[in-house]
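Read off the chains here:
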Amino acid sequence: RRRSFFVVKMAYWCNRLAFYLYCVSMPLMGPVYNPSPPPAIPGLKHVALGYHMLIVGGMAAILDIFFAVRECVMKPTVPADDDEELSELDVEEVNQSMDSMGNRAVLMVGFIQHASARFIGLQHAPDGHEYELYLNHVFPLMVSLGCVCLQAVVYITFMSTTQLRTGPVSRSTTRCLFALFRISDFLFKLGVFVVLSGASLTGWGCSCPCGAGADYGTAVGPCAASLVPDGACYTRVAYVPMTCCFASILVIAFFLCWSRCAASHSNGEDDEDRGDLAVALDSLGTVGTLAAGFVMYNITTFNTDVIRGPFPAEDRPLFGLTNWGFLFLWANWLAFSMGLAVVACVQIINGRANALEPAGRKQYLAAVESMLLPIEFTTLVSLVSFVLAFGLLGIAKMLPPRLEGFIASSMLLVVLARQLQKIWGMQHVASSRANNSSSSIRVPPGPCVAVLQGKLDAITGPSMMFGGFAYNGISFLFRSGAVLGPTYVVGMAASFCSALYLTFTSAIIDFNLARLSPKAKEGFAAMLGETLIYARRSYALCLAMFMMAFTVMGYIKLWDYGSPLSEQGRLGWKYGILQLIGGLLGLLSLWRLRHTIRLEASRLNEAPKEGEGAMGSQGPSLCKVRQMLAHAKLGSSSTAFQVGNVFYEVLFSGVNLHDPAANFAYFGFAVTTLVLGSIALMISCELFFSIEELSDGLKCVLAERLTIHFRLIRILYMASLISWLCSMFFSSEVKYPELWWASFSWSCCGLVVLTGACVWMRSAMGFFSFSEMRSDSSLEEASDDS
């Protein structure tokens, strides 16, 4: 245990080091990305403009020192002074709410930072009006302030997890937890409000000079291109983001005032338990986060990628502001603004509920349940807008246009509407049967509620990320006229549609489950057997189609941003073989492992008694099987995040024309990382579904037969991490050869730490097993002597 705690401490401080490096590097992003920064703004405004992350870093350093002095990190098992414990249920609800806030904040911060790097600072008003120049300068200030608030939420929730949940629940730790929760809740709401306020100025903050601007035709950087038809620019449609963001702010303000009034009138007279309502709201918040997060890049690059598209322009005429581009702009902004409105409303309701006493909370949630329709409608608007924005990518940004995404998104909307109607009908039938206790209609056996939610949770998170990866995979298709372009778009569109179908299904099921009585929940879950089958197939299709598109990506991507399009085909044939071989091996492995797991499960279903008799008492217990499944599920989100980052590396990175060996090493290890991670995700999904479909006795049998697959997940995850670090060895050599040592040195440090931790843990486990074996043999000798 002492050795394990040393590894935990090392992981903790590695996390802190990464956080501080992030805080230091973010202020440099603006000068690096933006070649035409605005004039220096003196005083504190200048600090907030470029160095806002240093504020968060300073606050984090103070908290780190405070917790280190209290020895909360070094001795997490030391109890607090006061042993009077509070309600563990209240503490658990607060922990869940903080985890939800932290997860959404970290996703939004990543997207906001990435999007705010596309800020275009101008020396003159973009369309000849002086107020436009002022709004251009205010835009980064507002967005940076919102990032400060959300990044502070991420840090506070992390400190809550590592410092306050490791020991016993006492009065002092609970008070600190509730204080951090209130601070996080306030900062999260403030951050969303400020981000929306800043986003409303995007039309001026991310606009190139217009036809009437003094810099028109002379700008540098992203605006350095030939003249745009009619002198079009983002500023001339700036009313679109302002209208959408103000509508979102009005929705949030309404729910904030209504929530305060409902809480003040909660007197605790309602005894009905509505504890699952928070789960229902979280499911809507997940959909809103997905819709808002993945469109942030498109709303900030509308001028450079759509109005001044296509990219690369070369000798092709620019688009200007077309009808398709205008519709694309509205779809993205509705998805972003309404998605953030849902996220903020969900946090307002959950934060207010956790601040009330248990008796008043029930009546407050009862009032909330009567006001869910506006939140449902806002969620639906954001989701439909997100799907439409995906469909318009190939029409608004590409030349020649690609219609495959639009066709796929239109079909997806029809499928989602049918799915919504079907699940709502099931919910109504289950509720009616539960109310009519004398109903003689028999419900076919199906999964229980816990198993149903466990299956959906196991695949929803990774599939949601893969949907975002597929969205960006099409968004950054710069060679739409390539021979294999349609194949790539079809694969990514199918992966996106499968992921959105699964995410939407999971959210609507969770939402309906939370509004049913316990008896109706079981009946509702029993009717979802066929839905789970389609969900499982959708997850497999999402991974398979993503891998298929990745197989041909090497032949349609830009390999060198300085070479003309006519030269990209030659580079594609030279380096595209890496993605082709990796993708084919990945598809073959996915099919083979999926077939093996399903074959073992079908054999066991055909002869269940023989399987139980063959295992005897040597197999794992049911509790052990649950732990194995939990460990397999735990790494799915991390693996999906890792796969997505490597996918972006392969998609965006160019080659070093003077060092082919470094190119092959860099892209080869990156492809290996992506393939290994995708295989691990498929195995985890198939194990979870195959085992949970069996009885308790057969679960242990199948887990015993598939033990090697559980080990394979861990091996693949570690191998993908090592492969990723090996790829980073050559990153600097490929992208900026004069700084070849930068990524090489940090990757070496990471590989040494990772290898040392693995060896340390393996030696600790071996020592523990050896000591346990010696103690067992001593007991046997003692029994023999007696």
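Residues numbered from 1 in each chain as written. Predicted model: local features only at pLDDT ≥ 70, side-chain atom pairs only at ≥ 80, totals over all residues. Heavy atoms only, no water.

Novice: Would you mind showing me how to read the overall build of the protein chain here?
Specialist: In terms of regular secondary structure, the protein chain is built from 28 helices and zero strands. Expressed as a percentage of the 786 residues in the protein chain, the buried residues total 53%. Across the protein chain, the fraction of contacts at a sequence separation of at least 24, relative to all contacts at a separation of at least 6, is 87%. (Helix = DSSP H or I, 4+ residues; strand = E, 2+ residues; numbered from the N terminus. Buried < 20%, exposed > 50% of the residue type's maximum accessible area, 1.4 Å probe, protein only. Contact = heavy atoms within 4.5 Å.)

Novice: How should helix 26 (residues 707-729) be read in this particular structure?
Specialist: Since one α-helical turn is 3.6 residues long, residues separated by three or four positions face the same way. With 23 residues, helix 26 should cover 33 Å at 1.5 Å per step; its first-to-last C-alpha distance of 34 Å lies within 8% of that length. All buried positions along helix 26 are accounted for by His709, Phe710, Ile713, Leu716, Ser720, Leu721, Ser723, Cys726, Ser727, Met728 and Phe729. (Expected span 1.5 Å × (residues − 1).)

Novice: How do you make sense of the environment of Ser385 when you look at a structure like this?
Specialist: Position of Ser385 relative to the elements: it lies in helix 15 (residues 372-396). Residue Ser385 is classed as buried on the basis of its relative accessible area of 7%. The sequence separation of Ser385 and Leu334 amounts to 51 residues, and the corresponding C-alpha distance is 6.1 Å.

Novice: When you look at the state of the cysteines in this model, what are you seeing that I'm missing?
Specialist: In a disulfide, the sulfur atoms of two cysteines are covalently bonded to one another. According to the stated counting rule, one finds one disulfide in the structure shown. Note on cysteine connectivity: Cys210 is disulfide-linked to Cys233, with sulfurs 1.7 Å apart. Between Cys210 and Cys233 the disulfide shows an S-S torsion of about 70°. By sign, it is right-handed. Of this pair, Cys210 sits in the loop between helix 8 (202-205) and helix 9 (239-264) while Cys233 sits in the loop between helix 8 and helix 9, and the two are 23 residues apart along the sequence. Taking relative accessible area as the criterion, Cys233 reaches 0% and is therefore assigned buried. Cysteine Cys749 remains unbridged, with the sulfur of Cys748 as its closest cysteine sulfur at 7.0 Å. (Disulfide = S-S within 2.5 Å.)

Novice: How do you make sense of the packing of helix 13 (residues 323-354) against helix 15 when you look at a structure like this?
Specialist: Axis angle and axis distance: for two packed helices, these are the angle between their axes and the distance between the axes, and together they describe the pair. The contact between helix 13 and helix 15 brings their axes to 7 Å, and the two run at 150°. What the angle tells us is that helix 13 and helix 15 run roughly antiparallel. Crossing angle aside, the handedness with which helix 13 passes helix 15 is left-handed. Class assignment for the residues of the contact of helix 13 with helix 15 results in 20 nonpolar, seven polar and no charged. (Axes fitted to C-alpha atoms, helices over the stretch in contact; angles between N-to-C directions. Parallel < 35°, antiparallel > 145°, perpendicular 65-115°, else oblique. Left-handed = near helix turned anticlockwise from the far one by under 90°. Nonpolar A, V, L, I, M, F, W, Y, C, P; charged D, E, K, R; others polar.)

Novice: Before we go on, may I ask you to explain the confidence of the model for the protein chain in this structure?
Specialist: When pLDDT drops low, the exact placement of atoms in the prediction is not to be read closely. On average, residues of the protein chain carry a pLDDT of 79, and 82% of them reach 70 or more. In this model, residues 72-86 is a region of pLDDT below 50 whose contacts with residues beyond four sequence positions or in other chains number 27 contacts. The low-confidence segment residues 768-786, where pLDDT is below 50, has zero contacts with residues more than four positions distant or belonging to other chains. (pLDDT = per-residue confidence, 0-100.)

Novice: Would you take a moment to explain the nonpolar core for this structure?
Specialist: In globular proteins that are soluble, nonpolar side chains generally tend to be buried together. In this structure, Trp333, Phe336, Phe386, Tyr488 and Phe647 are the most contacted members of the largest nonpolar core, which totals 184 residues. It is helix 24 (residues 660-692) that provides the largest number of residues to this core, a total of 18 residues. Residues Trp258, Val346, Val368 and Met371 belong to the second largest nonpolar core, which totals 22 residues. (Core = buried A, V, L, I, M, F, W, Y, C linked by side-chain atoms within 4.5 Å.)

Novice: I would appreciate a short explanation of unusual backbone geometry in the present structure.
Specialist: Trans is the common state for peptide bonds, and a negative phi is the common state for residues other than glycine. A cis amide bond links Phe311 with the next residue in sequence, Pro312, at an omega value of -10°. Tracing the backbone shows Pro312 in the loop between helix 12 (302-307) and helix 13. With an omega of 0°, the peptide bond between Leu399 and Pro400 qualifies as cis. Here Pro400 is to be found in the loop between helix 15 and helix 16 (404-435). A positive phi angle is found at Asp230, which is not glycine, with a value near 65°. Here Asp230 shows up in the loop between helix 8 and helix 9.

Novice: Help me out: how do you make sense of the pattern of salt bridges in this one?
Specialist: It is possible for side chains bearing opposite charge to pair when their charged atoms get close. On inspection of all chains with the given rule, the structure shows 11 salt bridges. Asp185 serves as the salt-bridge partner of Lys189, at 2.8 Å between the closest nitrogen and oxygen. Of this pair, Lys189 and Asp185 both sit in helix 7 (residues 171-199), four residues apart, which is roughly one turn of the helix. The exposure class assigned to Lys189 is partly exposed, which follows from its relative accessible area of 23%. (Salt bridge = Lys/Arg side-chain N within 4 Å of Asp/Glu carboxyl O.)

Novice: Explain a nonpolar patch on the surface here, please?
Specialist: A contiguous nonpolar patch, built from Tyr736, Leu739, Trp740, Trp741 and Phe744 and spanning about 520 Å² of accessible area, is present on the exposed surface. In this structure, Trp740 sits in helix 28 (residues 740-785). Exposure remark for Trp740: the relative accessible area of 46% places this residue in the partly exposed category. (Patch = residues over 30% accessible without salt bridge, like charges linked within 9 Å, V, L, I, M, F, W, Y side chains within 5 Å. Areas by Shrake-Rupley, 256 points an atom, 1.4 Å probe, with all protein chains shown as cover.)

Novice: How do you make sense of the side chain of Asn656 when you look at a structure like this?
Specialist: With respect to the element layout, Asn656 can be found in the loop between helix 23 (622-652) and helix 24. A relative accessible area of 9% places Asn656 in the buried class. Discounting chain neighbours no more than four positions away, the residues touching Asn656 are Asn663, Glu733, Val734 and Pro737.

Novice: Any chance you could explain the packing of aromatic side chains here in plain terms?
Specialist: Centre distance and the angle of the planes are the two values used to describe a pair of aromatic rings. The tally for this structure, following the rule as stated, stands at 31 aromatic pairs. Relative to Phe476, the ring of Tyr297 has its centre 4.8 Å away and its plane inclined at 55°; by these criteria the two rings are tilted. Here Tyr297, found in helix 11 (residues 296-300), pairs with Phe476, found in the loop between helix 17 (449-475) and helix 18 (485-514); they are 179 residues apart in sequence, far enough to count as distant. Overall, the relative accessible area of 13% leaves Tyr297 in the buried class. Classification of Phe476 by relative accessible area gives buried; the value is 9%. Ring centres of Phe466 and Phe546 lie 5.0 Å apart, and the angle between their planes is 90°; this geometry places the pair in the edge-to-face category. One end of the pair, Phe466, is in helix 17; the other, Phe546, is in helix 20 (residues 529-553), and 80 residues separate them in sequence. According to the relative accessible area criterion, Phe546 is buried, its value standing at 1%. By way of ring pairs, the aromatic residues Tyr297, Phe311, Phe466, Phe469, Phe476, Phe478, Phe546, Phe647, Tyr648 and Phe652 are connected into one cluster. Its guanidinium or amino end placed over the ring of Phe476, Lys397 lies 5.7 Å from that ring's centre, counting from NZ or CZ. A cation over a ring is seen here: Lys557 above Trp559, with NZ or CZ 4.2 Å from the ring centre. (Phe/Tyr/Trp six-rings, centres within 6.5 Å; stacked < 30°, edge-to-face > 60°. Lys NZ or Arg CZ within 6 Å of the ring centre and 35° of its normal.)

Novice: Whenever I open this one, the packing of helix 21 (residues 565-606) against helix 25 (residues 696-705) confuses me. Can you help?
Specialist: Running from N to C, helix 21 and helix 25 cross one another at 140°; their axes reach a closest spacing of 10 Å. Every pair of crossing elements has a handedness; the one defined by helix 21 and helix 25 is right-handed. Contacts between helix 21 and helix 25 pair Glu600, Ala601 and Leu604 from the former with Leu698, Val701, Leu702 and Arg705 from the latter. By residue class, the composition of the contact of helix 21 with helix 25 is five nonpolar, no polar and two charged.

Novice: Sorry, what's going on with the environment of Ala335 here?
Specialist: Its place among the elements puts Ala335 in helix 13. In the structure, Ala335 is positioned 49 residues away from Val384 in sequence and 7.7 Å away in space, judged by C-alpha atoms. Apart from the residues within four sequence positions on either side, Ala335 is in contact with Ala291, Ala292, Val295, Ser382, Ser385 and Phe386.

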